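A look at the structure
What follows is the residue order along each chain.
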Number of protein chains: 2
Amino acid sequence: MSVLTQPTLEINLGCLLENFLTLQKLSKPSVAAAVVKDDAYGLGAKQVVELLYKYADCRHFFVAQAVEGEKIAPFADKAVIYVLQGMGQDNLEIFKQNPQLVPVVNCPEAFEFWKQNRLDKRQPVIHIETGLNRLGFREHELEALSQADKKEFSLVMSHLACGDEKDHFMNAYQLENFKRLKNTYFPDLPASLAASDGIFLGKDFQWNMVRLGAAMYGINTAPYRENQMKNVVSVTAPVLQIADLPKGQFVGYSATYRANTNRKVAIISIGYGDGLPRSLSNVGKVFFKNGGVLHEARIIGRVSMDNIICDITGIDNLQVGDTAYLAADFYTLDDMGRDAGTISYEIMSRLGKNPRFIRKYIK
Amino acid sequence: MSVLTQPTLEINLGCLLENFLTLQKLSKPSVAAAVVKDDAYGLGAKQVVELLYKYADCRHFFVAQAVEGEKIAPFADKAVIYVLQGMGQDNLEIFKQNPQLVPVVNCPEAFEFWKQNRLDKRQPVIHIETGLNRLGFREHELEALSQADKKEFSLVMSHLACGDEKDHFMNAYQLENFKRLKNTYFPDLPASLAASDGIFLGKDFQWNMVRLGAAMYGINTAPYRENQMKNVVSVTAPVLQIADLPKGQFVGYSATYRANTNRKVAIISIGYGDGLPRSLSNVGKVFFKNGGVLHEARIIGRVSMDNIICDITGIDNLQVGDTAYLAADFYTLDDMGRDAGTISYEIMSRLGKNPRFIRKYIK
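Notes on the structure follow. (Residues numbered from 1 in each chain as written. Chains lettered and ligands numbered in written order. Predicted model: local features only at pLDDT ≥ 70, side-chain atom pairs only at ≥ 80, totals over all residues. Heavy atoms only, no water.)

As a further point, take the pattern of salt bridges. Two side chains that carry opposite charge are able to pair once their charged atoms sit near each other. Across all of its chains, the model carries 36 salt bridges over all chains by this definition. A salt bridge links R338 of chain A to D335 of chain A; the nearest nitrogen and oxygen atoms lie 3.0 Å apart. One end of the pair is R338 of chain A and the other is D335 of chain A, both in helix α11 (residues 333-340) and 3 residues apart, which spans about a single turn. In this structure, the salt-bridge partner of E346 of chain A is R350 of chain B, at a minimum N-O distance of 3.0 Å. Taken together, the residues E346 of chain A in helix α12 (residues 344-351) and R350 of chain B in helix α12 (residues 344-351) connect one chain to another. Across the pair, exposure class does not vary: E346 of chain A and R350 of chain B are buried alike. Connected through shared salt-bridge partners, K37 and E68 of chain A together with D274, D306 and R356 of chain B make up one network. (Salt bridge = Lys/Arg side-chain N within 4 Å of Asp/Glu carboxyl O. Helix = DSSP H or I, 4+ residues; strand = E, 2+ residues; numbered from the N terminus. Buried < 20%, exposed > 50% of the residue type's maximum accessible area, 1.4 Å probe, protein only.)

We now examine α11 of chain A. All names here are of chain A. Listing the buried residues of α11 in full gives L333, D334, M336, G337 and A340. Buried residues of α11, viewed axially, fall in a sector of 160°; they line one side. If you follow the buried residues of α11, they end up packed against β10 (233-245), β17 (323-327) and α12. One or two positions beyond α11, positive phi appears at G341, with a value near 75°. (Arc of directions from axis to C-beta. Contact = heavy atoms within 4.5 Å.)

Screw-axis analysis of chain B against chain A gives a translation of 0.0 Å along the axis, an RMSD of 0.0 Å, and a rotation angle of 180°. Look at the turn and shift together and you get a two-fold axis relating the two. The residues that chain B uses at the interface reappear at the interface of chain A in 100% of cases, marking a shared surface. (Least-squares fit on C-alpha atoms with pLDDT ≥ 70 in both.)

This brings us to the packing of helix α1 (residues 13-26) of chain B against helix α3 (residues 45-55) of chain B. Residue and element names in this part refer to chain B. Running from amino to carboxyl end, α1 crosses α3 at an angle of 55°, the nearest separation of the two axes being 11 Å. In terms of orientation, α1 lies oblique with respect to α3. In this structure, the crossing between α1 and α3 has a hand that is right-handed. Only Q47, V48, L51, L52 and Y55 of α3 make contact with α1, whose side of the interface consists of L13, L16, L17 and F20. Of the residues that constitute the contact of α1 with α3, the class distribution is 8 nonpolar, 1 polar and no charged. (Axes fitted to C-alpha atoms, helices over the stretch in contact; angles between N-to-C directions. Parallel < 35°, antiparallel > 145°, perpendicular 65-115°, else oblique. Left-handed = near helix turned anticlockwise from the far one by under 90°. Nonpolar A, V, L, I, M, F, W, Y, C, P; charged D, E, K, R; others polar.)

So, on to the interface of chain B and chain A. Chain B puts 80 residues into the contact, and the matching count from chain A is 80 residues. The salt bridge partner of K37 of chain B is D306 of chain A, with a shortest N-O separation of 2.8 Å. When residues of the side of chain B that touches chain A are traced back to their parent elements, those giving at least two are α2 (37-41), α4 (66-72), α6 (108-116), α9 (169-185), β10 (233-245), β11 (250-251) and α12 of chain B. Sort the elements by how many residues they give to the side of chain B that touches chain A and β10 of chain B lands first, with 5 residues. Along the lines of polarity and charge, the residues of the side of chain B that touches chain A split into 37 nonpolar, 26 polar and 17 charged.

Another point: the state of the cysteines. Enumeration over the complete set of coordinates arrives at 0 disulfides over all chains. In this structure C310 of chain B is a free cysteine whose sulfur lies 14 Å from that of C107 of chain A, the closest cysteine sulfur available. (Disulfide = S-S within 2.5 Å.)

What follows is the structure, encoded as C-alpha cells:
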C-alpha cells in the first residue's frame, strides 16, 4: 500500500500527432493549420507547437491573443502565426517584435488600425461573417472596401456555427454565404472556412486552409458517429481515504447526498481547484482498475475544491493510494462533458492550466 | 476610439487585507490562519502570502498540496504551513526540504506513514470527521489510537458541511460531534473547526484557530444576509466589434439564440478559455459604463473559447474598444455564480489561472 496525494494529468503527444496527421490527410490538398489558442486548449502550446513543427511540418498556427503568439514564436521559427483577436493598441508592440505574427482583421475599426500601423512583409487575414454572428465583416462593410483595401489581405476566412451537426441547415447556409461573399469581394484570395468539425462535412468545406483544433486534441467534433480520433488526455488521482458511510449520513457541502443504505466511500485527491467541473456533483463517474476489471463508481455529494467523494460499495479490495481514473480512453473528456452538462472543450481548457497536477507528456 | 484585444483581471489586495483584518477581529482571540490553497483561490498565493505575512502578521497558512506549500514557503519564513492532503510517498521530499510544512493526517494509513517517516520538530494535525463525510478519522479509528499516538499531534481539526446556512441542522450536529470527540480523545489539544463561514455562526464555532479563505477573497460565506466583505476581483474585457443582428438571424455555436426583432450586438474579447463559465450562455450579464450610467446587457448564444456576444440594443454610443465589465463591485463573482448555476469559489479558482489576462494587483 502507498500513501499518495497528488493528481496526474497525462498528455499523449503521440496520439495528438497521429490525430493531426489523420486530419491533414483527410483535408488534402488544403493546408493544415494547427489551432493552439488557449495554451493549446490547456495542453501546453509550447509542447504542441514544437511537436507539430518538427514532426508534421506544420507551418501555420492560429492563436487568439498576440501574447499567446509571442510565447510560441521561438518554437516555430519559419511558421506563420495568425492572431484571431487581431491587432490593437494593447498588442502592437508584440506584433512589431514578432515578425511571424499576422493579425486577423475582424471589423472596419480594426482595419483602420491596421492601415495606420501597417507592418512590413505582413498581410492580414480578413474575417467575414457568414452566419455565426460573432466576429467578422458584415456584407455592407465589405461593400465599403475599396479595391486598394482588398489588396491588403492574404487570406479570407469565416467560421461555422454548427459544423458538429452534419445535417444542420446552418452548414449549407453558411457555405453558400461564404462562396458568394468570397467570390464577390475576394475572388483571387485563398480561403479558409473549416475548423476540425468542418473537415468532416466534406471537400466543399475545406477550401485552401483548414484549421485543426479540437479533433487534434482528441475531441469528437463529429459526434453523430464514433470518434475517429485517438484520446489524448488522461486524468488520474490517488485514493486518500476509504471509509464506511452509515445509513442516514450526509455527504459533502450543503449535505446534498444522503445514504439510504450503508455505503462505502473513497475520498479522492482532485476537485474543482484542479479543473474538475463542479457540475459533476452527484452525477460524475470515477473508475478503478482492480484485478484486471474496470469498476465504475459514482461521485456523491458536491465536488469540492480539492476532493471528491465516490461510492465504492461493492468494489472489493480498494486501498488507500490506489488510482482513480477521472478521464481515460474508456471515459473521455467528451463523456465527462456530457455528464457535466457542458462540452469537453471547456473541461480540457480548465484541466491543463492547473499547476497542482503531476504533468506527464507521453511521446 | 481605441482598438483593444486583451481582457484584464484586477485583484484588489487592499480589500483582501481589509477582509482578513475584519475576519481576524471577528474571531479573536482565535488564531487567524489564511487558506491559500489552489493558488489562493486562483488569485496568486505568492502575492497573498507576502501581503498577509507582512501587513497582518499572519503566521499560519493552509494549502492543499505540498507543492503549493513549497511555492509559498520563501515568502513566509517563520510561518507554519499546514498541508491538508497530508504527506505521502509522492511529496515526502518536499516536506523534508521545507521545514515550515506540517502535514494534516486524515486517516490511519496516513498516520502509519507519518510514524514511519517522522520529521524533526514537526507535529502533524489530526483531522477528525464530524458529519461532512469527507476526509478525517472516523470515531472507531480514534478509539484505536494509543495514548502515545495521540501525543503525536499539535492540533485537532474538522470542517463544516453547511456553515453558509445559518440555521442548518448540520451545524449544531457537527459542533456537538466535534466537542464530544475532541474532549474524549484530545482534551488537551488546541482545536480548529471554522473556516470563513463558521466564524459567522458565533463564538462556539471559533475554537483556537479559524481558517480564513473564501470570505477573505470577498466571497459572501454568509449569504443569508448582505455581504460584509469588500469585493476583491474585477474582470473587464474590450469590445472587439459592434454589429447589427437582423431579425431572424442566429447567434453563436449550435445557433441557440435567434433574434426575434432587429438587435444590436457587441462581441467581447473573453470566453471560457479565460475562465468565464460556459454555463453563462444565454443567461450571463455584461455591463457598460456609458455617460456616467451603468448599462446591463445579456449574453446571447453560447459562450465560446475566446468571445462572448451580448445584446446591446438600446445602449447608445458604445464603441469598439470600450470596456465591458464582467465582474465588479456591482456584479460580483457571487452574482455570476448564481447566474452560472455554480458558486463563486469555482469561478474564482478558474479565472485567476488564465495567462491571457492582463493581471493587475492593486494595493
